[in-house]
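Analysis of the macromolecular model
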Amino acid sequence: MRFLCVLSILFIAQTVLADEAVKLYPGFITKIRCEGKLLVSAIGSPEHVKLEALPKELGCGVLLQPLRSSFKTNLFLETSTGSITRLIETINTKTTPRTSALEYHLKGDAR
């Protein structure tokens, strides 16, 4: 039972709030998970971020890879359960990010 509680808390902690920016780290790929079926994915500045949709067999989500440092842009995902819009920014750090910092679970606005 404790394991389920801890797992639930970790899942909730990684669910990004609507106002919170998704942070990318130069040299690392970040996975964005969503709910439902991914219909459309777009990035505001494709020259700054490589965007790749996950294969349908792996579920709803995209991979983001920063191509430049020190930028801000936006991400838009349209899923079968709603729309997701988030700010994207790079974090310039010389330390290696934790694995948990490289994966997000985003929830869309209900239709």
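Residues numbered from 1 in each chain as written. Predicted model: local features only at pLDDT ≥ 70, side-chain atom pairs only at ≥ 80, totals over all residues. Heavy atoms only, no water.

1. Some words on the overall build of the chain
Applied cut-off: Only runs of H or I of at least four residues qualify as helices and only runs of E of at least two qualify as strands under DSSP, and these elements are numbered from the N terminus. The classification of residues rests on relative accessible area computed with a 1.4 Å probe and restricted to protein chains. Under 20% of the type maximum is buried, over 50% is exposed, and intermediate values are partly exposed. Throughout, a residue-residue contact means that at least one pair of heavy atoms, one from each residue, lies within 4.5 Å. Surface exposure here means Shrake-Rupley accessible area, sampled with a 1.4 Å probe, where a residue is shielded only by the protein chains that are shown.
What the chain contains, in helices and strands, is one helix and nine strands. What you see in the chain, going N to C, is helices and strands ordered as α-β-β-β-β-β-β-β-β-β. Counting all 111 residues of the chain, 33% fall into the buried class. Partitioning the intrachain contacts of the chain with sequence separation of at least 6 by distance along the chain shows that 65% fall at a separation of at least 24. Summing over all exposed atoms, the chain offers an accessible surface of approximately 7100 Å²; the carbon and sulfur share of this is 59%.

2. Details of the pattern of salt bridges
Put simply, the rule reads: Salt bridges are defined by distance alone: a side-chain nitrogen of Lys or Arg within 4 Å of a carboxyl oxygen of Asp or Glu.
In the structure shown here, the tally under the stated rule is two salt bridges. For Lys31, the salt bridge identified is with Glu103, shortest N-O distance 3.9 Å. On the criterion of sequence distance, the pair formed by Lys31 in strand β2 (residues 30–33) and Glu103 in strand β8 (residues 103–105) is long-range, its members being 72 residues apart. A relative accessible area of 26% means that Lys31 is categorised as partly exposed. With a closest N to O distance of 4.0 Å, Lys72 and Glu89 form a salt bridge.

3. Some words on the state of the cysteines
As a reminder of what qualifies: Count a disulfide wherever a pair of cysteine sulfur atoms falls within 2.5 Å.
Per the counting criterion, the structure on display carries one disulfide. The disulfide partner of Cys34 is Cys60, and the S-S distance across this bridge is 1.9 Å. Since a negative S-S torsion denotes a left-handed disulfide, the Cys34-Cys60 link at about -90 degrees is left-handed. Of this pair, Cys34 sits in the loop between β2 and β3 (38–43) while Cys60 sits in the loop between β4 (49–53) and β5 (61–66), and the two are 26 residues apart along the sequence. Taking the relative accessible area as the measure of exposure, Cys34 reaches 7% and is therefore buried.

4. Points about the pairing of strand β7 (residues 82–90)
What counts, and what does not: Pairing between strands is defined by DSSP: at least two bridges between the two strands are required.
Residues Gly82, Ile84, Arg86, Ile88 and Thr90 of β7 are buried on one face, while the alternating residues Ser83, Thr85, Leu87 and Glu89, pointing to the opposite face, are not. In this structure, strand β1 (residues 22–24) lies alongside β7, joined through three bridges in parallel fashion. By the bridge assignment for β7, Leu24 is matched with Thr90. The pairing of strand β6 (residues 72–79) with β7 spans eight bridges and is antiparallel. Paired with Leu77 across the two strands is Ile84, which belongs to β7. Hairpin connection between β6 and β7: a loop of two residues separates the two successive antiparallel strands.

5. Some thoughts on the sheet that holds β4
Test applied: To obtain each axis, a line is fitted to C-alpha atoms, and for helices this fit is confined to the stretch in contact; angles are then taken between N-to-C directions over 0 to 180 degrees.
Overall, mixed pairing links the four strands, which are arranged β4-β5-β2-β8 in an open sheet. Across the chains shown, the open sheet's two edge strands, defined by having one partner strand only, are β4 and β8. Within this sheet the neighbouring strands show an average axis-to-axis angle of 20 degrees, counted without direction. Of the pairings in the sheet, the one linking β2 to β8 comprises three bridges and is parallel in character. From the neighbouring strand, Ile32 faces β8, where its bridge partner is Tyr104.

6. Digging into the confidence of the model for the chain
Just so we agree on the cut-off: Per residue, pLDDT measures the predictor's confidence, with a range of 0 to 100.
Per-residue pLDDT for the chain averages 86, and the proportion of residues at 70 or more is 81%. A low-confidence stretch, residues 4–17 stays under pLDDT 50, and its non-local contacts, those more than four residues away or across chains, total twelve contacts.

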